[in-house]
Protein chains: 2
Amino acid sequence: MEDEEKLVCAENCPHLNKINNVKSLEPKADEYQKLSNMFKLFSDETRLKIICSLLKEELCVCDLCELLGLNQSQVSHQLQLLRNSKLVKFRREGKQIFYSLDDEHVELIIQMALNHILEEEEKNGML
Amino acid sequence: MEDEEKLVCAENCPHLNKINNVKSLEPKADEYQKLSNMFKLFSDETRLKIICSLLKEELCVCDLCELLGLNQSQVSHQLQLLRNSKLVKFRREGKQIFYSLDDEHVELIIQMALNHILEEEEKNGML
DNA sequence: TATTCATATGATTACTTATTCATATGATAA
DNA sequence: TTATCATATGAATAAGTAATCATATGAATA
């Protein structure tokens, strides 16, 4: 810790107590990774639209294509990511495959984020 | 709609009612974009760590560097993104600049996502 | 059992985003 | 009023991700 490259400001960074406080409360490394992976799934507009569509209805791939105006390959690739992360489940019915959400937190997370957006819009609209 | 390239499965996709139902409830286009932008901010591990650190304490840039083991440029660049999206605010005190969160939803969103992660872990640990 | 339909997958390309390095800015202190 | 410290910023490169296109799979039907 002493001969390492100095990162802290000045000789005696006045905030070491803060740093230690934060450090003790922080999620651990692998949780950060899982969190960021989860948010990554929501961060692509196409995937987000797919997720939101599935919030309300079980849908087959072609329904999603039609609904979102996307081609089949695009939708399937994104569904693959969602599948791999266990965010959606699916069932086969004849030739079609129906996707639905496999998580109860998703709706809450999106709702929170939407609340944030709407509040921002209000704030800006009112100034 | 008739001479467009056909996206819907078969001649008579049986789920047009579903599609219309979903369509009527969906967030609008610009909201999707804002949502995905918001999630994009959380989707980078470095940024996420910065955000989580600021959940608990107002911190200066060099505190963040020290805490997260990152170089100053990395942290400043990411803070710039957070600033641009109005997710953090900052104040100058002498040579140092202190950052803090400027949003009440952030903690909730991360907490939800963390709940999801933990539940997944439990599920897998128990099988 | 050959054909069609719905979906999945692999490989390539195009795009986006983060990291790095060098330098600029703005405040303080010598 | 120059030197130093904390931070910001720009440009270049590197890394990661999505779109596209071609093809594969697996079920149903003729």
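Cut-offs and rules
Residues numbered from 1 in each chain as written. Chains lettered and ligands numbered in written order. Predicted model: local features only at pLDDT ≥ 70, side-chain atom pairs only at ≥ 80, totals over all residues. Heavy atoms only, no water. Pairing = 2+ DSSP bridges. Helix = DSSP H or I, 4+ residues; strand = E, 2+ residues; numbered from the N terminus. Contact = heavy atoms within 4.5 Å. Buried area = accessible area lost by both parts, 1.4 Å probe. Salt bridge = Lys/Arg side-chain N within 4 Å of Asp/Glu carboxyl O. Polar contact = N/O pair within 3.5 Å; in protein donor to acceptor, adjacent residues only side chain to side chain. Axes fitted to C-alpha atoms, helices over the stretch in contact; angles between N-to-C directions. Parallel < 35°, antiparallel > 145°, perpendicular 65-115°, else oblique. Left-handed = near helix turned anticlockwise from the far one by under 90°. Nonpolar A, V, L, I, M, F, W, Y, C, P; charged D, E, K, R; others polar. Least-squares fit on C-alpha atoms with pLDDT ≥ 70 in both. Buried < 20%, exposed > 50% of the residue type's maximum accessible area, 1.4 Å probe, protein only.

Moving on, we get to the pairing of strand 3 (residues 96-101) of chain A. All names here are of chain A. Bridging between strand 1 (residues 59-60) and strand 3 involves 2 bridges; their strand directions are antiparallel. The partner of Cys60 across the bridge, within strand 3, is Phe98. Looking at chain direction, strand 2 (residues 88-93) and strand 3 are connected through 6 bridges and run antiparallel. If you follow Glu93 over to strand 3, its bridge partner there is Gln96. Adjacent in sequence and paired antiparallel, strand 2 and strand 3 are bridged by 2 residues, among which Gly94 carries a positive phi angle near 65°.

What follows concerns the interface of chain A and chain B. At the interface, 65 residues of chain A touch 64 residues of chain B. Between chain A and chain B, a total of about 6000 Å² is buried, with carbon and sulfur atoms accounting for 68% of that surface. Linking Lys34 of chain A and Glu121 of chain B is a salt bridge whose minimum nitrogen-to-oxygen distance equals 2.7 Å. In this assembly, chain A and chain B are joined by 4 residue pairs in polar contact (both at pLDDT 80 or more). Top contributing element to the side of chain A that touches chain B by residue count: helix 6 (residues 105-126) of chain A, with 14 residues.

Our next topic: the packing of helix 2 (residues 29-42) of chain A against helix 3 (residues 45-56) of chain B. Between helix 2 of chain A and helix 3 of chain B, the least distance of the axes is 9 Å, while the angle of their chain directions is 110°. Considering their axes alone, helix 2 of chain A and helix 3 of chain B lie roughly perpendicular with respect to each other. Crossing hand, helix 2 of chain A versus helix 3 of chain B: right-handed. Mapping the contact onto sequence places Ala29, Tyr32, Gln33, Leu35, Ser36 and Phe39 of chain A in helix 2 of chain A and Glu45, Leu48, Lys49 and Cys52 of chain B in helix 3 of chain B. Among the residues forming the contact of helix 2 of chain A with helix 3 of chain B, the class breakdown is 6 nonpolar, 2 polar and 2 charged.

Let's shift gears to the sheet that holds strand 1 (residues 59-60) of chain B. Residues and elements named next belong to chain B. The strand order 1-3-2 describes an open sheet built from 3 strands, whose pairing is antiparallel. Edge positions in the open sheet fall to strand 1 and strand 2 (88-93), since each of these has one partner strand only. Here helix 3 sits on the sheet and contacts strand 1, strand 2 and strand 3 (96-101); the angle it forms with strand 3, its principal contact strand, is near 90°. Set on the sheet, helix 5 (residues 72-84) makes contact with strand 2 and strand 3; between it and strand 2 the angle comes to about 120°.

Looking now at the relation of the copies chain A and chain B. If you rotate chain A by 180° and push it 0.0 Å along the axis, it lands on chain B with an RMSD of 0.0 Å. Considering both components of the superposition, the chain copies are consistent with a two-fold axis. Interface residue correspondence from chain A to chain B reaches 98%, placing this contact among same-surface, isologous pairings.

Turning next to the sheet that holds strand 2 of chain A. Either a parallel or an antiparallel arrangement is found when strands of a sheet pair, and the pairing is made through backbone hydrogen bonds. All names here are of chain A. Pairing within the open sheet is antiparallel, and its 3 strands lie in the order 1-3-2. For this open sheet the edge positions go to strand 1 and strand 2, each flanked by a neighbour on one side alone. Contacting strand 2 and strand 3, helix 5 (residues 72-84) crosses the sheet at an angle of about 120° to strand 2.

Right, let's get into the pattern of salt bridges. All names here are of chain A. Under the criterion given, the structure shown has 11 salt bridges over all chains. Measuring nitrogen to oxygen at the nearest pair gives 2.6 Å for the salt bridge that ties Arg91 to Glu58. Of the two residues, Arg91 is situated in strand 2 and Glu58 in the loop between helix 3 (45-56) and strand 1; the sequence distance between them amounts to 33 residues. Relative accessible area serves as the criterion here: at 34%, Arg91 is assigned to the partly exposed category. Owing to a relative accessible area of 23%, Glu58 belongs among the partly exposed residues under this scheme. A cluster of three or more residues bridged by salt bridges with shared partners is formed by Glu58, Arg91 and Glu93.

Everything listed here is a matter of coordinates, which is why it stays silent on function.
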